[in-house]
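Observations on the model geometry
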Amino acid sequence: MSISILLVGCGKMGGAMLSGWLEHSVSPEAVVVVEPNGVEETTAKVVASADAVPDGFRPDVVVLAVKPQMMDDVAPAFARFASDKTVFLSIAAGRTLASLRRAVGADEAVIVRAMPNTPSAVGRGMTVCCPGEGVTDAMRDTCTMLLEAVGQVAWVDDEAQMDAVTAVSGSGPAYVFALTEAMAAAGEKAGLPANLAAMLARATVCGAGELMYRASEDPAQLRENVTSPGGTTAAALDVLRGEDGFPALLEKAVAAAARRSKELAG
Ligand SMILES: NC(=O)C1=CN([C@@H]2O[C@H](COP(=O)(O)OP(=O)(O)OC[C@H]3O[C@@H](n4cnc5c(N)ncnc54)[C@H](OP(=O)(O)O)[C@@H]3O)[C@@H](O)[C@H]2O)C=CC1
Ligand SMILES: O=C(O)[C@@H]1CCC=N1
């Protein structure tokens, strides 16, 4: 892929995307990373500040991957990269297109608001993009190509949906990890040694995820395939799907995340 990337912030999410890019088709020469404290074990060029980006490096995409609360301090230094050939791709939770434009501070800045997730590190990310004013078809294709290198990509035109997107797929991996932790703890309570319970929980979540990824059936059918009438799974699902069970709890959790995303708008 011949897209040049300026990655601003290489923490947990920026780092996950960088790993995915370098592993899947982006050459290290095409990436400059701005990260004040350096980045361990990467083949890409890393500099400490916007001033240290090599002269003549003209990125197709500037990926803004700093904390939403830091955006106003960090983004202005990158205003000089704004042009009709460069798209700013922000992955900051909550930050609206309007607030990002103010933060970058350049009238000509063209911005896409995106929400990826950490499975991007292994090529299994889910990113949703929302285009700002002036995003050309070419810029859209560039973003899609870049993000498809690390997983699946969807676009929404209604920016208001980005809070719910953040709450479902952006934060979602953490719900699955929390489920895995809870399954392991429950296994221990049911009499298993801790290491065996952890192994069973992790293998089961990974196996179910892989099955769901590869199978043509929808999740409801895959669930039914496990659930023998009158069997053990049905007994567990009666509890999980009871009044305060999974669906109600996840509804509340997703609503809380979406609310927090709105608060971070800036
Ligand atoms: N983590 C996730 O799963 C997801 C995160 N996001 C979004 O991604 C963004 C980053 O989150 P996350 O990776 O978790 O957070 P991190 O804190 O891990 O990453 C942010 C990085 O930016 C660095 N940084 C600080 N100041 C500058 C600067 N002036 N120039 C360049 N880099 C700087 C930080 O360095 P230092 O630590 O030294 O300050 C840190 O490494 C957030 O906006 C978040 O909403 C979106 C989707 C998923
Ligand atoms: O927790 C957060 O705010 C970020 C955004 C989505 C996932 N992590």
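This one's a predicted model, so the numbers in the text were calculated from it and none came from an experiment. (Residues numbered from 1 in each chain as written. Chains lettered and ligands numbered in written order. Predicted model: local features only at pLDDT ≥ 70, side-chain atom pairs only at ≥ 80, totals over all residues. Heavy atoms only, no water.)

Quick look at the pattern of salt bridges
What the rule picks out here adds up to 7 salt bridges. Between arginine 95 and aspartate 72 there is a salt bridge whose closest N-O contact spans 2.9 Å. Highlighted residues: arginine 95 in the loop between strand E5 (87-90) and helix H3 (97-104) and aspartate 72 in helix H2 (residues 71-74), separated in sequence by 23 residues. Looking at arginine 95, the relative accessible area reads 3%, which means it is buried. The partner of aspartate 163 in a salt bridge is arginine 113, with the nearest N and O atoms 3.6 Å apart. Pair noted here: aspartate 163 is in helix H5 (residues 162-170) and arginine 113 is in strand E6 (residues 110-115), with a separation of 50 residues, a long-range link. Both residues of the pair, aspartate 163 and arginine 113, belong to the buried class. Among the charged side chains, a network of salt bridges with common partners joins Arg113, Glu159 and Asp163. (Salt bridge = Lys/Arg side-chain N within 4 Å of Asp/Glu carboxyl O. Helix = DSSP H or I, 4+ residues; strand = E, 2+ residues; numbered from the N terminus. Buried < 20%, exposed > 50% of the residue type's maximum accessible area, 1.4 Å probe, protein only.)

Focus: a nonpolar patch on the surface
On the surface, Leu179, Met183, Leu240 and Phe246 cluster together to form a nonpolar patch covering roughly 310 Å² of accessible area. Residue placement: methionine 183 occurs in helix H6 (residues 172-189). (Patch = residues over 30% accessible without salt bridge, like charges linked within 9 Å, V, L, I, M, F, W, Y side chains within 5 Å. Areas by Shrake-Rupley, 256 points an atom, 1.4 Å probe, with all protein chains shown as cover.)

Some points on the UniProt feature "domain: Pyrroline-5-carboxylate reductase catalytic N-terminal" (unreviewed entry) in the protein
Mapped onto this numbering, the UniProt entry gives "domain: Pyrroline-5-carboxylate reductase catalytic N-terminal" (unreviewed entry) at residues 5-94. The annotated region residues 5-94 carries 18% helix and 21% strand content, and the separation between its end C-alpha atoms amounts to 23 Å. (UniProt positions renumbered as here; feature names shortened; annotations may be inferred.)

What about the site of ligand 1?
Taken together, 22 residues sit near ligand 1, with Lys12, Met13, Glu35, Asn37 and Val66 positioned nearest. Take methionine 13: an N or O atom from its main chain is 2.7 Å from an oxygen atom of ligand 1. At 2.9 Å, a backbone N or O of alanine 93 approaches an oxygen atom of ligand 1. Look at ligand 1: alone it shows 880 Å² of surface, and the protein chains cover 76% of it. Classifying every residue of the shell around ligand 1 by side-chain character gives 15 nonpolar, 4 polar and 3 charged. (Near = heavy atom within 4 Å. Polar contact = N/O pair within 3.5 Å; in protein donor to acceptor, adjacent residues only side chain to side chain. Nonpolar A, V, L, I, M, F, W, Y, C, P; charged D, E, K, R; others polar.)

Points about the packing of H5 against H6
Here H5 crosses H6 at 35°, and the two axes come no closer than 5 Å. Here Ala167, Val168, Ser169 and Gly170 of H5 lie close against H6, whose contacting residues are Gly172, Pro173 and Tyr175. Its residues placed into classes, the contact of H5 with H6 shows 4 nonpolar, 3 polar and no charged. (Axes fitted to C-alpha atoms, helices over the stretch in contact; angles between N-to-C directions. Contact = heavy atoms within 4.5 Å.)

Considerations on the packing of aromatic side chains
Scanning the model with the defined rule gives 1 aromatic pair in all. Pairing phenylalanine 78 with phenylalanine 81 gives two aromatic rings, centres 6.3 Å apart and planes at 25°, and the pair type is stacked. With respect to burial, phenylalanine 78 and phenylalanine 81 carry one shared label: buried. Above the plane of the ring of tyrosine 213 lies arginine 124, whose end atom (NZ or CZ) is 3.5 Å from the centre. (Phe/Tyr/Trp six-rings, centres within 6.5 Å; stacked < 30°, edge-to-face > 60°. Lys NZ or Arg CZ within 6 Å of the ring centre and 35° of its normal.)

Section: the environment of glycine 56
Relative to the helices and strands, glycine 56 resides in the loop between strand E3 (45-47) and strand E4 (61-64). Sequence separation of glycine 56 and valine 33 is 23 residues, and the distance between their C-alpha atoms is 15 Å.

Looking at the sheet that holds E5
Pairing in this open sheet of 8 strands is mixed, and the strands run E3-E2-E1-E4-E5-E6-E7-E8 from one edge to the other. Among the strands making up the open sheet, the edge pair consists of E3 and strand E8 (151-155). Taking each pair of neighbouring strands and ignoring which way they run, the sheet shows an average axis angle of 25°. As judged from the 3 bridges shared by strand E2 (residues 31-34) and E3, these two strands associate in the parallel manner. Considered in E3, the bridge of valine 33 is made with valine 46. Of the strands in this sheet, strand E1 (5-8), E4, E5, E6, strand E7 (125-131) and E8 touch helix H4 (residues 137-148), which is tilted by about 150° from E8. Helix-sheet contacts for H5 involve E6 and E7, and the interaxial angle to E6 is about 40°. (Pairing = 2+ DSSP bridges.)

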